[in-house]
Amino acid sequence: MTPSIGTPLDRVDGRQKVTGTARYAGDWDLTGLAHGVLVTSPVGPGRLTSLNISAAASAPGVLAIVTHRNAHSPHAKPSQFTPHRTDHTYSPDTLTVLWDAEIHYAGQPVAVVVAETLEQATEAAALIRLEVEARAPRLDLAAHLNEAYPPDQIFGEDPDTKRGDFEAGWHAANTRIDATYTIPWEHHNPIEPHTTIASWEGNHLTVHDATQWVYGVRAVLARTLDLKPEQVRVVSPFVGGAFGCKGMTWPHVVCAALAARAVGRPVKLAVTRAQMFGLIGFRPTLHQRVRLGATKDGRLTAIGHDGTNGVSALGTFVEPVGQTTRMLYSCPNVWVRHRVVDLDTQMPTYMRAPGEATGSFALESAMDELAYALGMDPLALRLANYAERDEVRDLPWSSKELRACYQQGAERFGWAQRDPRPGSMRDGHLQVGWGMATATYPTYRSQAAARVRIDEDGRALVQSAAHDLGTGAYTVLTQVAADMLGLPPDRVRFELGDSDLPEAPVAGGSQTTASVSAAVAFASKAALDQLRDLARRDPASPLHEADPNKLVASAGHLVHTDSPERREAFGDLLRRNGLPAVVAERRSVPGDEENRWSSHAFGAQFAEVKVDPDLGTVRVTRFVGAFAAGRILNPKTARSQMLGGITMGIGLALMEEGVRDPRWGRVMNADLASYLIPVHLDIPHIEAFFVPEEDPYVNPLGVKGVGELGIVGAGAAIANAVFHATGKRIRDLPITVEKLL
Ligand code: MOS
């Protein structure tokens, strides 16, 4: 039987998606469904001095208005709320939703209006009158850099890392770069805005939610509403994009649960596109200083990376910009520091490759600056500092085909034809620029569980509370299960996105495939072992008394390896033994491999831009990304991830910028007309491909994550291309017309 792993299987959920039968969070038409609309504070911070709901309360169709006055029982306490502490599960203010009259940030919910229809709820919400005694918001990161302080930790690690002697390496350098790079707020804009339907049956709460983490939402709701986790079920089989913004649980989820409890009916609460900008976390605004010292021949003698990001007074989120700086290049003297500054916003959060996408803009721009200062080719500079092992953890790589990425990417792009002089290449009156950068993303894996059922009809049902954010998880996990069970993929059904299923981790850190596929492999083996045992003990089976170690699963049969004519279909075996199915559930946990090898995916990004010198407009006209990410389970869905990552990188480089009103704190461009993200016409032909990479150590299937890798380095490759085209080094993203003219 030909393996399914490695083939470009079409999305198994593709038909459901294009025919509209895939149900997203807002698509569940529950009996008695009522509609909730959030009222949010237009300003912040401040204090709610007046909240007049009388006109709204008597508007047609209104069932309830939930505010801080009636949302909670008088005895409830926000017991777990500790400012500046975040355990990466919670948005801290979910623990204090509709709690009191304090407004922490513009966009904070102050009321939920529930009505029979969405139109009635929307109408009534507009009738609510509120007054806020506003305080001047702290929003300007640059103005408060002197108040930066170190966060407690980054994923359990120290926010500062030192290797060797930075000062000595800096002074010994022949050539030095000391530059500061800034990135504004960026807001996730998945096609599907956040939506929650909450329904209660007695003390049991079910939510249909758009989330990257059904178990995380369950934990937050249980803790916030004083329930046991078993009293909460979170369902999320389809998610219309996420990019990190659906990783934590934001206040609207709690609002939906409170509203449903208030009216005793299911309530659907859809966050509007405009509300998402203030209410939901975003990529923090960033200030980065990078210092590079090198010898005349381009060997790095010192790397310094100081990152500072804005956080919320409500809680800390560190954008770990320097974490990959520590390991990307060989260098004896490295000093990385992370600092945060309190600002008056919602808490920032994970956004595609948090730290890597942003940190690589700074580091890889600085590497380009260094290449020019040395008169060296940017790719040659990277090869001269190629890290043969992970120097921060002092470990060998589990695999690293970055050199092949550089070589094959450069070849496909035609890098050798580049005239290095800025402004030297032209297409008519357009300035042409070629730039490159390195990509890397760590391979994460968490414990995960899966259940496998093989039925008497010879089909299999495989279940795990994983998530498919549009990434293709349904498809690749089906392929893994099919191969492990010896079944064609069309006889395997994968169920995910439900907290009643065996636990899987947050679909973040590009870890779903690595984590869940290992659990699927174990559970599949356990289910097949039950069939092997059944065959061995069954006198009527052609495999009676066969050595179980010699029975392999292929095309829905157990087959004896020594004499393949001895075989039996799974279904025949089950039926004859009067069993409707065999079921096995297994958990996989990361092993010692994490301590023995350092595992990262890598890539090389090459961009061509054309700049109109009269107008300052930049077009990305070609892009080549060469990646190494271990074993590629499905080249079609994996390539799509890289295309999406590069596209988002083009947005980071040229378009995305959240702008806040300095007086009132609110996001002024909270819509897709003024917050720009790439559209089809902005995106050139992108050539993204994988170089072969075998990794026997990283995890049982040899896979690395692909969800975030594609955005890393893309911003710098474009900024470097803009410099090559124009001679202008733009260190402040996005690279807009004003900055180029
Ligand atoms: Mo990703 S930003 O870890 O969801």
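Definitions and limits used
- Along each chain, the written sequence defines residue order, and numbers are assigned to residues from 1.
- pLDDT decides what is reported in this predicted model: residues at 70 or higher carry local features, side-chain atom pairs at 80 or more are listed and counted, and totals for whole chains, interfaces and linings draw on all residues regardless.
- Hydrogens are left out, water is left out, and the side-chain values use all remaining heavy atoms of the structure.
- Segments assigned H or I by DSSP are reported as helices when at least four residues long, segments assigned E as strands when at least two residues long, and all are numbered from the N terminus.
- We take the radius of gyration over the C-alpha atoms and set the globule estimate at 2.2 Å times the residue count to the 0.38 power.
- Each residue is assigned to one of three classes by its accessible area relative to the maximum for its type, calculated with a 1.4 Å probe on protein chains only: buried under 20%, partly exposed between the two thresholds, exposed over 50%.
- For this analysis, residues touch if any pair of their heavy atoms sits within 4.5 Å.
- Here, Shrake-Rupley sampling with a 1.4 Å probe gives the accessible areas, and only protein chains in the shown set may cover a residue.
- Given a helix with a known number of residues, its expected span is that number minus one, times 1.5 Å.
- Convention adopted: a line fitted to C-alpha atoms gives each axis, helices being fitted over their contacting stretch, and angles between N-to-C directions are expressed from 0 to 180 degrees.
- For any helix crossing, the convention is left-handed if the near helix is rotated counterclockwise from the far helix by under a right angle, and right-handed if that rotation is clockwise.
- Each residue is assigned to one class: nonpolar for Ala, Val, Leu, Ile, Met, Phe, Trp, Tyr, Cys and Pro, charged for Asp, Glu, Lys and Arg, and polar for all the others, Gly among them.
- In protein, a polar contact requires one atom able to donate a hydrogen and another able to accept it; more generally it is a pair of N or O atoms within 3.5 Å, and residues adjacent in sequence count only if both atoms are side-chain atoms.
- Here a strand pair is declared whenever DSSP counts at least two bridges between the two strands.
- Put simply, angles under 35 degrees are roughly parallel, angles over 145 are roughly antiparallel, angles from 65 to 115 are roughly perpendicular, and the rest are oblique.
- When a carboxyl oxygen of Asp or Glu is within 4 Å of a side-chain nitrogen of Lys or Arg, the pair counts as a salt bridge.
- The handedness rule is simple: strands pointing away from the viewer, and a clockwise path from the first strand over the helix to the second, make the crossover right-handed.
- On a scale of 0 to 100, pLDDT captures the predictor's confidence in every residue.
- Joining through side-chain atoms within 4.5 Å is the link that ties buried Ala, Val, Leu, Ile, Met, Phe, Trp, Tyr and Cys residues into a set, and such a set is a nonpolar core.
- Residue ranges for the domains trace back to a domain assignment, done automatically or taken from a database.
- By definition, the buried area sums, over both parts, the 1.4 Å-probe accessible area that each loses when the two are put together.

Attention shifts here to the overall build of the protein chain. Scanning the protein chain from N- to C-terminus turns up 18 helices and 27 strands. Expected size for 741 residues packed as a compact globule is a radius of gyration near 27 Å; at 27 Å, the protein chain falls within 12% of this value. Projected onto the principal axes, the alpha-carbon positions of the protein chain cover approximately 80 × 75 × 50 Å. The burial tally for the protein chain puts 61% of its 741 residues in the buried class. Contacts spanning at least 24 positions in sequence make up 81% of the contacts within the protein chain whose residues lie at least 6 apart. Of the roughly 27700 Å² that the protein chain leaves accessible, carbon and sulfur atoms contribute 51%.

It is worth spelling out helix α9 (residues 356-374) at this point. Over its 19 residues, α9 extends 25 Å from the first C-alpha to the last, a length consistent with the 27 Å expected when each residue adds 1.5 Å. Here α9 lies mainly inside the structure; 17 of its 19 residues are buried. Phi turns positive, to about 70 degrees, at G375, one or two residues after α9.

Bringing the packing of α9 against helix α17 (residues 714-726) into the picture now. Across the interface, α9 lies against α17 with an axial gap of 8 Å and an inter-helix angle of 35 degrees. The handedness of the crossing between α9 and α17 comes out as right-handed. Where α9 approaches α17, its residues S360, F361, E364, S365, D368 and Y372 are matched on the opposing element by G715, A716, A719, N720, F723 and H724. Of the residues in the contact of α9 with α17, the class split is five nonpolar, five polar and two charged.

Before going further, it helps to examine the side chain of E364. Mapping E364 onto the fold places it in helix α9. Within the structure, the side chain of E364 is placed 2.9 Å from the side chain of R382, a separation counted as a polar contact. If near-sequence neighbours (up to four positions away) are discounted, E364 is found in contact with L328, Y329, R382, A437, T438, A716 and N720.

Strand β17 (residues 430-442) sits mainly inside the fold: twelve of its 13 residues count as buried. Note that strand β16 (residues 425-427) and β17 share three bridges and pair antiparallel. Counterpart to D427 in the pairing with β17 is L430. With antiparallel pairing between neighbouring strands as the criterion, β16 and β17 make up a hairpin whose turn holds two residues, including G428 at a positive phi of roughly 65 degrees. Sheet topology places β17 next to strand β25 (residues 600-611); twelve bridges connect them, and they run antiparallel. Bridged to T440 within β25 is F602.

On to the packing of helix α16 (residues 635-654) against α17, then. The contact between α16 and α17 brings their axes to 8 Å, and the two run at 50 degrees. The orientation of α16 relative to α17 falls into the category oblique. Crossing of α16 against α17: the hand is right-handed. Residue-level contacts link I646, G649, I650, L652, A653 and L654 of α16 to A714, G715 and I718 of α17. Here the residues of the contact of α16 with α17 are counted per class, giving seven nonpolar, two polar and no charged.

Attention now moves to the pattern of salt bridges. Enumeration according to the criterion identifies 44 salt bridges in this entry. Note that E369 is salt-bridged to R731, the shortest N-O span being 2.8 Å. Placement of E369 in helix α9 and of R731 in the loop between α17 and α18 (737-740) is noted, with a sequence separation of 362 residues between them. Judged by relative accessible area, which is 11%, E369 ranks as buried. Residue R731 is classed as partly exposed on the basis of its relative accessible area of 31%. Across the salt bridge formed by E585 and R451, the nearest N and O atoms sit 3.1 Å from each other. With E585 in strand β24 (residues 581-588) and R451 in strand β18 (residues 448-455), this residue pair connects regions lying 134 residues apart in the sequence. Residue E585 is classed as partly exposed on the basis of its relative accessible area of 42%. Connected via shared salt-bridge partners are D368, E369, R729 and R731.

This next bit is on the sheet that holds strand β26 (residues 618-628). The strand order β16-β17-β25-β26-β27 describes an open sheet built from five strands, whose pairing is mixed. Strands with a single pairing partner mark the edges of an open sheet, and in this sheet they are β16 and β27 (686-690). Each strand axis lies, on average, 25 degrees off the axis of its neighbour in the sheet, ignoring direction. As defined by bridge partners, β25 adjoins β26 across ten bridges and the pair is classed as antiparallel.

Another aspect to go through is the sheet that holds β18. A sheet is described by the order of its strands in space; here four strands give the open sequence β20-β19-β18-β24, paired in mixed fashion. The sheet is open, and its two edges are formed by β20 (492-495) and β24, each paired on a single side. Taking the axes of each pair of neighbouring strands and ignoring which way they run, one obtains an average angle of 15 degrees across the sheet. Summarising the sheet, strand β19 (residues 460-463) and β20 pair through four bridges and their orientation is parallel. By the bridge assignment for β20, V462 is matched with F494. Strands in contact with helix α12 (residues 473-485) are β18, β19 and β20; relative to β20, the strand with the most contacts, it is inclined by about 135 degrees.

Quick look at the environment of G428 now. By the element assignment, G428 lies in the loop between β16 and β17. Residues G428 and S50, spaced 378 residues apart in sequence, show a C-alpha to C-alpha distance of 62 Å.

Across a regular strand the side chains alternate sides, sitting on one face of the sheet and then on the other. Sheet topology places strand β10 (residues 204-209) next to strand β11 (residues 232-235); four bridges connect them, and they run parallel. Bridge pairing in β11 places T206 opposite R233. The parallel pair β10 and β11 is bridged by helix α5 (residues 214-224), and the resulting crossover is right-handed.

Mapped onto the elements, T285 comes out in the loop between α7 (273-279) and β13 (286-294). The class for T285 is buried, based on a relative accessible area of 11%. A polar atom in the side chain of T285 sits 3.3 Å from the backbone oxygen of I183.

Our next topic: the confidence of the model for the protein chain. When pLDDT is averaged along the protein chain, the result is 96, and 97% of the positions lie at 70 or above. Confidence drops under a pLDDT of 50 for residues 79-86, and excluding neighbours within four residues, the segment shows 22 contacts in the predicted structure.

This brings us to the nonpolar core. Core analysis: the largest hydrophobic core is formed by 93 residues, its most contacted members being L292, F606, V609, F623, L654 and I718. With nine residues, α9 is the single largest residue contributor to this core. If you look at the next biggest cluster of nonpolar residues, it comprises 48 residues, including V207, V217, A222 and V271.

This part is about the domain arrangement of the protein chain. Once the domains are mapped, the protein chain shows domain 1 (14-18 + 446-589), domain 2 (31-135 + 193-242 + 246-280) and domain 3 (161-185 + 283-444 + 595-740). Look at where the C-alpha atoms of domain 2 and domain 3 centre, and you get two points 37 Å apart. Overall, the association of domain 2 and domain 3 removes approximately 1900 Å² of surface from exposure, summing both partners, and the carbon and sulfur fraction of that is 63%. The interface formed by domain 2 and domain 3 includes zero salt bridges.

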